[in-house]
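Given next are the chains, with one letter for each unit.
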Amino acid sequence: MKPLTEQEIRTAFVNCTKGESKRLSVPRDLAERPWDELDFLGWRDPQAPDRAYLATELDGRPVALALRGAGAASWQTRRSMCSICLTTHTGGVSLLVAAKAGKAGQQGNSVGAYMCSDLACPLYVRGRKDAGVGARLPESLTLEEKIERTVANLGAFIAKVTA
Ligand SMILES: [Zn+2]
């Protein structure tokens, strides 16, 4: 994806208030991120590890989501699969919950997805990060097709948040 600036990311949040999007933690090393190999940038707040964020581009426009970890649970020790990139980790998948955009979110509605806890899906798909033995099922898909699927899964999740 095209590199995003801090300002672009902050204004791209669809499911938190303007005040929150100004204050939330955005990585300082944006210039060094491997944007060519990212379908989205995901990160955690180092001060508040239950908070996670992701920024991507949909139809040429930046879109960012604020997410919350659903707390410590059995996923920490169990093998589970990321619903975005379909990588299986032992203890490396979290249920992340996004408040819905707009009124629905203010009324407390949210949607959740099991995702790689470090939000590094694009790097797992490309084999740049290793999640261990058996993490990726043998598949006949090309890398291109796996990337397309990851992008489609993320797009479907964002569509649920903004619906
Ligand atoms: Zn993943």
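One can find the structure itself at the top, above this paragraph.
This is a predicted model, so every value here is computed, not measured.

1. Overview of the side chain of His89
Its place among the elements puts His89 in strand S5 (residues 88-90). By relative accessible area, which is 7% here, His89 ends up buried. Excluding residues within four positions of it along the chain, His89 makes contact with Arg78, Arg79, Ser80, Cys116, Tyr124 and Ala131.

2. Details of the coordination of the zinc ion
For a metal with four tetrahedral donors the ideal donor-metal-donor angle is 109.5 degrees, while six octahedral donors give ideal angles of 90 or 180 degrees. Donor atoms from the polypeptide that coordinate the zinc ion comprise Cys82 (SG), Cys85 (SG), Cys116 (SG) and Cys121 (SG), at 2.2 to 2.3 Å from the metal. Taken together, the 4 donor atoms surrounding the zinc ion define angles of 104 to 115° at the centre, an arrangement classified as tetrahedral. In primary sequence terms, the donor set of the zinc ion follows C-x2-C-x30-C-x4-C. The burial state of Cys116 is the same as that of Cys121; both residues are buried.

3. Describing the pairing of strand S6 (residues 93-99)
Bridging between strand S3 (residues 61-69) and S6 involves 2 bridges; their strand directions are antiparallel. Bridging from a neighbouring strand, Arg68 pairs with Val97 of S6. Summarising the sheet, S6 and strand S7 (residues 110-116) pair through 7 bridges and their orientation is antiparallel. Across the sheet, residue Val97 finds its bridge partner in S7, namely Gly112.

4. Remarks on the nonpolar core
Formed by 41 residues in total, the largest nonpolar core has its most connected members in Ile9, Trp43, Met115 and Phe157. For this core, the elements supplying multiple residues, two or more each, are strand S1 (40-45), strand S2 (48-58), S3, S6, S7, helix H4 (121-125) and helix H5 (143-162). Ignoring sequence-local partners within four residues, the contact set of Ile9 consists of Leu4, Val26, Leu30, Leu41, Trp43, Ala55 and Ala64.

5. Here's the deal with the layout of surface pockets
The computed volume of the largest pocket comes to approximately 460 Å³. In this structure, the largest pocket is lined by 21 residues; those nearest its centre are Asn15, Cys16, Thr17, Glu20 and Ala66. Elements with a contribution of two residues or more to the lining of the largest pocket: helix H2 (18-23), S2, S3, S6 and helix H3 (102-106). Here the lining of the largest pocket is composed, by residue class, of 10 nonpolar, 5 polar and 6 charged. A volume near 170 Å³ is recorded for the second largest pocket. Contributing to the lining of the second largest pocket are Gln7, Arg10, Thr11, Phe13, Cys16, Thr17, Lys18, Ser21 and Lys22. Looking at the lining of the second largest pocket, the elements that each hand over two or more residues are helix H1 (6-11) and H2. Across the lining of the second largest pocket, the residue classes tally to 2 nonpolar, 4 polar and 3 charged.

6. Here's the deal with the sheet that holds S6
If you walk across this open sheet you meet the 5 strands as S1-S2-S3-S6-S7, and the pairing is antiparallel. Two strands bound the open sheet, and with one partner strand each, they are S1 and S7. In this sheet, adjacent strand axes meet at a mean angle of 35° when their direction is disregarded.

Quick notes on the rules
Residues numbered from 1 in each chain as written. Predicted model: local features only at pLDDT ≥ 70, side-chain atom pairs only at ≥ 80, totals over all residues. Heavy atoms only, no water. Helix = DSSP H or I, 4+ residues; strand = E, 2+ residues; numbered from the N terminus. Buried < 20%, exposed > 50% of the residue type's maximum accessible area, 1.4 Å probe, protein only. Contact = heavy atoms within 4.5 Å. Donors = N, O, S within 2.8 Å, 3.2 Å for Na, K, Ca; no water. Tetrahedral: all angles 85-135°; square planar, octahedral: opposite > 155°, others 65-115°. Pairing = 2+ DSSP bridges. Core = buried A, V, L, I, M, F, W, Y, C linked by side-chain atoms within 4.5 Å. 1 Å grid on protein atoms, 1.4 Å probe; cavity = no way out; pocket = protein on both sides within 12 Å on 5 of 7 lines; lining within 4 Å. Points joined across faces, edges and corners; volume = space filled by probe spheres on them. Nonpolar A, V, L, I, M, F, W, Y, C, P; charged D, E, K, R; others polar. Axes fitted to C-alpha atoms, helices over the stretch in contact; angles between N-to-C directions.

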